[in-house]
Amino acid sequence: MNRTDLEQKAADSVLAPLADYVMAVGMEKGLGSYSKDEIIGLVDTVLESYHCTLQELYKDEVPF
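Residues numbered from 1 in each chain as written. Predicted model: local features only at pLDDT ≥ 70, side-chain atom pairs only at ≥ 80, totals over all residues. Heavy atoms only, no water.

**Quick look at a nonpolar patch on the surface**
There is a patch of nonpolar side chains on the surface, built from L31, I39, V43 and L47 and spanning about 320 Å² of accessible area. Locating L47 in the fold gives a position in helix α3 (residues 36-57). (Patch = residues over 30% accessible without salt bridge, like charges linked within 9 Å, V, L, I, M, F, W, Y side chains within 5 Å. Areas by Shrake-Rupley, 256 points an atom, 1.4 Å probe, with all protein chains shown as cover. Salt bridge = Lys/Arg side-chain N within 4 Å of Asp/Glu carboxyl O. Helix = DSSP H or I, 4+ residues; strand = E, 2+ residues; numbered from the N terminus.)

**Details of α3**
In an α-helix, one turn spans 3.6 residues, which is why side chains three or four residues apart end up on the same side. The end-to-end C-alpha distance of α3, which contains 22 residues, comes to 32 Å, matching closely the 32 Å that a straight helix rising 1.5 Å per residue would cover. Taken together, the buried positions of α3 are occupied by E38, G41, L42, T45, S49, T53 and L54. Turning to α3, the residues buried within the fold contact α1 (5-13) and α2 (15-25). (Expected span 1.5 Å × (residues − 1). Buried < 20%, exposed > 50% of the residue type's maximum accessible area, 1.4 Å probe, protein only. Contact = heavy atoms within 4.5 Å.)

**Details of the environment of I39**
Structurally, the position occupied by I39 is in helix α3. The exposure class assigned to I39 is partly exposed, which follows from its relative accessible area of 31%. Along the sequence, I39 and Y58 sit 19 residues apart, while their C-alpha atoms lie 28 Å from each other. When sequence neighbours within four positions are dropped, the list of residues in contact with I39 reads L31 and Y34.

Function cannot be inferred from these measures alone, as they are strictly geometric.
Dropping the structure here:
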């Protein structure tokens with residue numbers, strides 16, 4: 001995937017929220033054991049963090 005520098009920063013920004021989410025679900029629980037709601041929560045966590053960071057990084061360039 002070819003990301004811009006700002007897109008890479010946004011991708012990197014999801015790591016801490018993702019780790020927090022995984023810890024809340026349970027570190028001992030494998031991804032294959034996640035419920036549908038837990039998977040949706042994981043996806044929402046990643047997308048929200050990514051989009052919020054992109055909005056902040058591009059705030060002067062793109063009208064979000």
